[in-house]
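Residues per chain are reported as follows:
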Amino acid sequence: GKQSFFFRLLTAWIPSLLLATWNAVVVPFGFAFVALYEGSEITLSGTDRKVFRWFYLYSCLKVLAGGMLAGSFFSQLENIIRTPSSIFTLLGYAVPQSSGFFLAYISTNAFMLEPLRLLLPHGGVLIWFATGCGRRFAWSGRITRDISAYFSPRSQRYGSNYGTQQLIFLICLVFSTASPVITPLGFAYFLLAWLVWRYQLCYVFIRAYESGALLFPALFSRIMFSLLLYQMFMSFYLLIKAAFVPAFVLWIIVPPFLWSFHSHCTRCFMMKSVYLPLAIAKEMPVASIPVDAYCAPQMHPEFRGWASEVGKAWQGYGPFVRKYV
């Protein structure tokens, strides 16, 4: 009845919401503090890229290895102990079953959290509503300047947001063979995310630094590595299903192709974007760029003052992001 449907809905959404909250709050802010404490990056963009690299490693090891492999193994542990010779057959049946949690996680992000970003782009909006929508109450303990600061524009957390998107991209790739229904859910998520984040970047968030698009090579390398992981998991799944020839063919064809494509793109695009040949620069059309296009916000003539958030990789998040350790 209605109670059972509501209970199933809660059991599917609550773990996904808890994981999404963990990935949006604890993991990125923790990585940002550790990256700042480490002190190996001298730029704000370098700190953000380090957060992204750590977030991707966390996605591969913690969520996929722990959620997929460990979940499949422990769900069939009793049967494996009873009949050890059928371990691969049991795992072949358990892997598609372990995709249920990730299906709920992607559907929660696609159909609830992404549309919700249009109403609540960051946590400061919730605090703004809680403190009276810009009106000062006696119980709030905040002056008008504090309340308006909650709703002020904030910078984009590229390391965190790209890390979350790469996690969902990796989940969709790995489970697309064992559970094909995850593919349209992933397509719906990235379609909605493209619309939502395009609007957010144009009208909501501000930039905190200029890096010259140095994050894209790191993002491209992780996409190539995700495709390699997809090939590995797909080959292992085919081996479990006793499809030995297709699994062997994948190991011969896919890794060399990915390595060749990555090397080609690095040689043709990344190196030329860093070291532009004079012959190519001579043939490029002349562009008219406004003087303040690459000017830091603090150096703009209309800048109103030097706030405490200046100098942070993620501006507008208060004590959750430190400037110094």
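Here the structure is shown first, and the text comes after it.
Residues numbered from 1 in each chain as written. Predicted model: local features only at pLDDT ≥ 70, side-chain atom pairs only at ≥ 80, totals over all residues. Heavy atoms only, no water.

Glancing now at the overall build of the protein. Secondary structure assignment for the protein yields 12 helices and zero strands. Traced from its N-terminal end to its C-terminal end, the protein shows the element sequence α-α-α-α-α-α-α-α-α-α-α-α. Here the protein holds 325 residues, and 36% of them are scored as buried. For the protein, the share of sequence-separated contacts (at least 6 apart) that also reach a separation of at least 24 residues comes to 72%. (Helix = DSSP H or I, 4+ residues; strand = E, 2+ residues; numbered from the N terminus. Buried < 20%, exposed > 50% of the residue type's maximum accessible area, 1.4 Å probe, protein only. Contact = heavy atoms within 4.5 Å.)

Further remarks concern the layout of surface pockets. As a volume, the second largest pocket reaches approximately 660 Å³. Of all the elements in the fold, those that place two or more residues in the lining of the second largest pocket are α2 (44–75), α8 (158–175), α9 (182–203) and α10 (215–240). Among the elements that take part in the lining of the second largest pocket, α9 stands out by supplying six residues, more than any other. Class assignment of the residues belonging to the lining of the second largest pocket gives a composition of 14 nonpolar, five polar and six charged. (1 Å grid on protein atoms, 1.4 Å probe; cavity = no way out; pocket = protein on both sides within 12 Å on 5 of 7 lines; lining within 4 Å. Points joined across faces, edges and corners; volume = space filled by probe spheres on them. Nonpolar A, V, L, I, M, F, W, Y, C, P; charged D, E, K, R; others polar.)

Here we come to the pattern of salt bridges. Per the stated rule, a full pass over the model turns up four salt bridges. In this structure, the salt-bridge partner of Glu38 is Lys50, at a minimum N-O distance of 2.8 Å. Taken as a pair, Glu38 in helix α1 (residues 2–38) and Lys50 in helix α2 lie far apart in primary sequence, 12 residues in all. Take Glu38: its relative accessible area is 44%, and that puts it in the partly exposed class. Among the salt bridges present, the one from Arg117 reaches Glu114, with a minimum N-O distance of 3.2 Å. Of this pair, Arg117 and Glu114 both sit in helix α5 (residues 99–119), separated by three residues, roughly a single helical turn. (Salt bridge = Lys/Arg side-chain N within 4 Å of Asp/Glu carboxyl O.)

It is worth spelling out empty space enclosed by the protein at this point. On inspection of all chains with the given rule, the structure shows one cavity of 30 Å³ or more. When its volume is computed, the largest cavity comes out at roughly 40 Å³. Contributing to the lining of the largest cavity are Asn109, Glu114, Arg117, Asn161, Thr164, Gln165, Tyr189 and Trp197. Listed by contribution, the elements that provide at least two residues to the lining of the largest cavity are α5, α8 and α9.

With respect to the secondary-structure elements, Arg49 resides in helix α2. Despite being buried, Arg49 has no salt bridge partner; Glu41 is the closest side chain of opposite charge, sitting 4.8 Å away. Those residues in contact with Arg49 that sit more than four places away from it in its chain are Ser211, Leu214 and Leu215. (Lys, Arg positive; Asp, Glu negative; His and termini not counted.)

Let's shift gears to the packing of α5 against α8. Running from amino to carboxyl end, α5 crosses α8 at an angle of 140 degrees, the nearest separation of the two axes being 11 Å. If you check the angle between α5 and α8, you find them oblique. Crossing of α5 against α8: the hand is left-handed. Judged by residue contacts, Ser99, Phe102, Tyr105, Ile106 and Asn109 of α5 engage Thr164, Leu167, Ile168, Ile171, Cys172 and Phe175 from α8. (Axes fitted to C-alpha atoms, helices over the stretch in contact; angles between N-to-C directions. Parallel < 35°, antiparallel > 145°, perpendicular 65-115°, else oblique. Left-handed = near helix turned anticlockwise from the far one by under 90°.)

Before going further, it helps to spend a moment on the nonpolar core. Grouped together as the largest cluster of nonpolar side chains are 36 residues, with contacts concentrated most on Tyr105, Ile106, Ile171, Ile182 and Trp314. Secondary structure elements with two or more residues in this core: α1, α2, α5, α8, α9 and α10. Among the elements that make up this core, the one with the highest residue count is α8 (seven residues). (Core = buried A, V, L, I, M, F, W, Y, C linked by side-chain atoms within 4.5 Å.)

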